[in-house]
Amino acid sequence: MSIDPGDLLHWFDSCGRDLPWRAPGVTPWQILVSEFMLQQTPVSRVLPIWPDWVARWPTPSATAAATPADVLRAWGKLGYPRRAKRLHECAAVIARDFDDVVPDDVEALQQLPGVGSYTARAMAAFAYRKRVPVVDINVRRVVARAVHGHAEPAAPSTKRDHADVDALLAVIPKADRAARFSAALMELGAVVCTARAPNCAKCPLRSCAWRDADYPAGSAPKRPAQRYAGTDRQVRGRLLDILRDNDFPVTKAQLDVAWPADAVQRERALASLLSDGLVEQDAGGRFALPGQDRNDSTASR
DNA sequence: AACCCGTGGAA
DNA sequence: TTTCCAAGGGT
């Protein structure tokens with residue numbers, strides 16, 4: 001079972017979302033910023049942040065010139081602040097080693113901080129119109145259903161996943177059209193062939209192995225979902241909340257109120273933030289986001 | 001391979 | 001209320 005490129009591309013032309021990072025004139029760097037923000041994060045939460053971000057820091061060198069503190073504050077509560085740190089590091093590498101131009105080669109892209117297999121391929125396809133498989137959870141789900149007839153994707157296998165999508169791209173004559181097909185495949189998984197309640201009535205595909213098999217349910221006994229409440233991740237979030245809100249270094253006591261009940265966990269979370277380079281400690285023992293001003297002229301001495 | 005890393009909306 | 005899920009990456 002395969003997917004007719006015409007079915008999908010026609011649908012994408014008429015029904016694809018007008019996301020701002022898809023607009024004409026958006027640079028590869030600005031697209032890369034969107035890809036960092038979209039890692040494990042819904043489009044709806046990136047939409048309010050991305051335009052301001054790329055207006056403020058339109059190039060890798062402009063981004064690299066900012067402090068980590070500035071970047072972490074602009075990132076706000078987008079989640080996984082390590083992504084913001086890596087985006088900043090990525091900007092510095094591109095400015096220093098690539099003449100301020102995002103590379104167009106998958107291998108080079110994947111060497112960049114915070115850029116893995118998905119993001120490297122997304123850049124090659126979406127920014128540089130290359131014929132490369134772009135495999136995210138949406139693509140894996142659409143392929144699992146339309147091609148293999150399964151409700152849910154099997155465990156990720158880079159080799160097999162890429163081979164599946166390569167087969168779909170191979171029948172498309174032009175590379176730039178194949179790249180657009182890659183975007184359309186993701187879009188279908190994001191808005192029609194969704195995880196929870198797929199809207200098959202709106203599906204543009206005329207062939208679907210899952211439909212032909214009468215929509216068999218997934219048989220996947222998943223492991224229990226990761227909790228959030230009470231985890232180190234929540235504690236880290238609380239600590240960073242305080243640091244983002246303070247323009248000058250704070251005392252240990254000011255941080256302690258973030259998680260008063262469990263000092264051991266609190267110390268562990270703070271140590272991990274320091275280790276990740278998301279927090280730094282000055283000579284006086286106070287804590288701050290990295291690179292921010294240390295002198296508070298309003299402080300008593 | 002399995003686990004860690006944020007956050008918030010929807011069911 | 002709890003659970004699931006969202007354009008992943010690093011170790």
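Calculation notes
- Residues numbered from 1 in each chain as written.
- Chains lettered and ligands numbered in written order.
- Predicted model: local features only at pLDDT ≥ 70, side-chain atom pairs only at ≥ 80, totals over all residues.
- Heavy atoms only, no water.
- UniProt positions renumbered as here; feature names shortened; annotations may be inferred.
- Helix = DSSP H or I, 4+ residues; strand = E, 2+ residues; numbered from the N terminus.
- Axes fitted to C-alpha atoms, helices over the stretch in contact; angles between N-to-C directions.
- Parallel < 35°, antiparallel > 145°, perpendicular 65-115°, else oblique.
- Contact = heavy atoms within 4.5 Å.
- Nonpolar A, V, L, I, M, F, W, Y, C, P; charged D, E, K, R; others polar.
- Salt bridge = Lys/Arg side-chain N within 4 Å of Asp/Glu carboxyl O.
- Buried < 20%, exposed > 50% of the residue type's maximum accessible area, 1.4 Å probe, protein only.
- Arc of directions from axis to C-beta.
- Near = heavy atom within 4 Å.
- Polar contact = N/O pair within 3.5 Å; in protein donor to acceptor, adjacent residues only side chain to side chain.
- 1 Å grid on protein atoms, 1.4 Å probe; cavity = no way out; pocket = protein on both sides within 12 Å on 5 of 7 lines; lining within 4 Å.
- Points joined across faces, edges and corners; volume = space filled by probe spheres on them.

Chain A appears in an unreviewed UniProt entry as Adenine DNA glycosylase from [Mycobacterium] zoologicum. The UniProt entry for chain A carries the following text under Catalytic activity (unreviewed entry): "Hydrolyzes free adenine bases from 7,8-dihydro-8-oxoguanine:adenine mismatched double-stranded DNA, leaving an apurinic site." According to the UniProt record, the Cofactor (unreviewed entry) comment for chain A reads "[4Fe-4S] cluster".

Below, the discussion takes up the UniProt feature "domain: HhH-GPD" (unreviewed entry) in chain A. Under the UniProt annotation, the feature "domain: HhH-GPD" (unreviewed entry) is placed at residues 37-191. Across residues 37-191 one finds 65% helix and 0% strand; the C-alpha atoms that close the span lie 19 Å apart.

Running from N to C, helix α10 (residues 137-147) and helix α12 (residues 175-191) point in directions that differ by 85°, and their axes come no closer than 8 Å. Taken together, α10 and α12 sit at an angle that is classed as roughly perpendicular. Residue-level inspection shows N138, V139, R141 and V142 of α10 in contact with α12, the latter providing L185, M186, L188, G189 and A190. Of the residues belonging to the contact of α10 with α12, the class tally is 6 nonpolar, 2 polar and 1 charged.

With that out of the way, let us pick up the pattern of salt bridges. Counted under the stated rule, the structure contains 20 salt bridges. The residue D256 makes a salt bridge to K252 at a minimum N-O spacing of 2.7 Å. Highlighted residues: D256 and K252, both in helix α15 (residues 252-256), separated by 4 residues, approximately one helical turn. Here D256 falls in the partly exposed class, since its relative accessible area comes to 22%. Using a relative accessible area of 26% as the deciding quantity, one classes K252 as partly exposed. By sharing partners, the salt bridges in this structure join K252, D256, R266 and E267 into a single network.

Next up on the list: helix α6 (residues 68-75). Buried residues of α6: P68, A69, V71, L72 and W75, and no others. The buried residues of α6 all sit within an arc of 165° when viewed along its axis, so they share a single face. For α6, the elements touching its buried residues are α2 (28-38), α4 (50-56), α7 (81-97) and α14 (232-245). Downstream of α6 by one or two residues, G76 has phi in the positive range, about 60°.

A word on the protein's contact with DNA strand C. Around DNA strand C there are 28 residues in total, and W21, E35, L38, G114 and T119 lie nearest to it. Counting only the atoms of DNA strand C within 4 Å of the protein, the fraction contributed by sugar and phosphate is 63%. G114 places a main-chain nitrogen or oxygen 2.9 Å from a phosphate oxygen of DNA strand C. With respect to DNA strand C, the side chain of N138 contributes an N or O atom lying 3.1 Å from a sugar or linking oxygen. When contributions to the surface near DNA strand C are tallied by element, the ones reaching two or more residues are α2, α7, α9 (117-127), α10 and α12. By residue class, the composition of the surface near DNA strand C is 11 nonpolar, 7 polar and 10 charged.

So, on to the protein's contact with DNA strand B. For DNA strand B, the set of nearby residues contains 17 residues, the closest of which are R45, Y80, P81, R233 and R236. When atoms of DNA strand B within 4 Å of the protein are sorted by moiety, sugar and phosphate together comprise 55%. Contacts to DNA strand B include R82, whose side-chain N or O atom sits 2.9 Å from a sugar or linking oxygen. Y228 places a polar side-chain atom, nitrogen or oxygen, 3.0 Å from a phosphate oxygen of DNA strand B. Tallying contributions element by element places α14 first for the surface near DNA strand B, with 5 residues.

Going through the model one piece at a time under the given rule, you end up with 1 cavity of 30 Å³ or more. Around the largest cavity sit P249, E280, Q281, D282, R286, F287, A288, L289, Q292 and R294, which together line it. Mapped by element, the contributors of at least two residues to the lining of the largest cavity are β1 (280-281) and β2 (287-288). Residues belonging to the lining of the largest cavity are distributed by class as follows: 4 nonpolar, 2 polar and 4 charged.

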